[in-house]
Amino acid sequence: MVETGVIHGRFQIFHLKHMEYLLAAKMRCKKLYIGITHSDIVAFAATSDLDEHGTTKRDNPLTYFERFEMIQGALADFGVTREEYEILPFPISQPDLIPQYIPRDAVHYMSITSEWDEERLQILERLGLTTEVLWRREPQEKGITGTEVRKLIAEDKDWKQYVPKTVSEYITEHEIEKRIRSLNYLYE
């Protein structure tokens, strides 16, 4: 077990496949840093053509703070104590800034299911960061995605089964469903 590890993602909406990724990484390190990409889609908008979800409000309806709180609540539900992790911005669209946000000696854990995942892995390796691929899966093996969860919400279909209980409660309590439906309507 290593001292520190890092994962990263948009987490727009934090779902059970995100939790699988997070817990797989957490099992390999004492402290896990959870990087939230596109913490601000204006300041940290996508710069790669492969990063197809990093530019529009419809694909990024949640604020950095909302994602932070959802992840924190989900981790508590799954028994991960507050001392075992930190949540921070992860500027994947401005890679030269990444070392300012994370411990230099951490292992960066990756889940590879797309060309964009492969590109992000290359970005981290070019920075000289230590990486470990947890798994490589074909796109059809990926499971539920944030895009699919948001689409279910927008279409008023059952989505709660795909997210941790605290996430569904948070979304309902903060009326995020309404925001997602409204944004989906604007972009149709």
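These figures come from a predicted structure and were not determined experimentally. (Residues numbered from 1 in each chain as written. Predicted model: local features only at pLDDT ≥ 70, side-chain atom pairs only at ≥ 80, totals over all residues. Heavy atoms only, no water.)

Points about the sheet that holds strand 2 (residues 29–36)
Strand order in the open sheet formed by 5 strands is 3-2-1-4-5, with parallel pairing between adjacent strands. The sheet is open, and its two edges are formed by strand 3 (85–89) and strand 5 (130–136), each paired on a single side. Averaged over neighbouring strand pairs, the angle between their axes works out to 30 degrees when direction is ignored. Of the pairings in the sheet, the one linking strand 1 (residues 2–9) to strand 4 (residues 107–112) comprises 2 bridges and is parallel in character. If you follow Gly5 over to strand 4, its bridge partner there is Val107. Across the sheet, helix 1 (residues 16–26) touches strand 1, strand 2, strand 4 and strand 5, and the angle it forms with strand 2 is around 145 degrees. Against the sheet, helix 3 (residues 115–126) contacts strand 1, strand 4 and strand 5, and its axis sits at roughly 165 degrees relative to strand 4. (Pairing = 2+ DSSP bridges. Helix = DSSP H or I, 4+ residues; strand = E, 2+ residues; numbered from the N terminus. Axes fitted to C-alpha atoms, helices over the stretch in contact; angles between N-to-C directions. Contact = heavy atoms within 4.5 Å.)

Thoughts on helix 5 (residues 165–173)
Turning to helix 5, its buried residues are Thr166, Val167, Ser168, Tyr170 and Ile171. One or two positions beyond helix 5, positive phi appears at Glu175, with a value near 55 degrees. (Buried < 20%, exposed > 50% of the residue type's maximum accessible area, 1.4 Å probe, protein only.)

A closer look at unusual backbone geometry
Phi at Phe11 takes a positive value of approximately 55 degrees, unusual for a residue other than glycine. Assignment of secondary structure puts Phe11 in the loop between strand 1 and helix 1. Since its relative accessible area comes to 2%, Phe11 is described here as buried. Backbone geometry at Asp156 places phi at a positive 55 degrees, although glycine is not the residue there. Along the chain, Asp156 falls in the loop between helix 4 (146–154) and helix 5.

Regarding the pairing of strand 3
Pairing between strand 2 and strand 3: 5 bridges, direction parallel. Pairing of Tyr33 across the sheet is with Glu86, part of strand 3.

A short note on the UniProt feature "domain: Cytidyltransferase-like" (unreviewed entry) in the protein
Following the UniProt record, one finds the feature "domain: Cytidyltransferase-like" (unreviewed entry) at residues 7–151. For residues 7–151, the end-to-end C-alpha separation is 25 Å, with 30% helix and 20% strand making up the annotated structure. (UniProt positions renumbered as here; feature names shortened; annotations may be inferred.)

Concerning the nonpolar core
Core analysis: the largest hydrophobic core is formed by 38 residues, its most contacted members being Ile7, Ile13, Leu22, Ile34 and Ile71. For Ile71, the contacting residues outside a window of four places in its chain are Phe11, Phe14, Leu22, Ile34, Ile36 and Ile87. Counting 16 residues, the second largest nonpolar core, distinct from the first, contains Tyr33, Ile98, Ile123 and Leu129. (Core = buried A, V, L, I, M, F, W, Y, C linked by side-chain atoms within 4.5 Å.)

Brief notes about the packing of helix 2 (residues 64–77) against helix 5
At a minimum axis separation of 8 Å, helix 2 and helix 5 run at an interaxial angle of 145 degrees. The handedness of the crossing between helix 2 and helix 5 comes out as right-handed. Contacts from Glu66, Glu69, Met70, Gly73, Ala74 and Asp77 in helix 2 reach Lys165, Thr166, Val167, Tyr170 and Ile171 in helix 5. (Left-handed = near helix turned anticlockwise from the far one by under 90°.)

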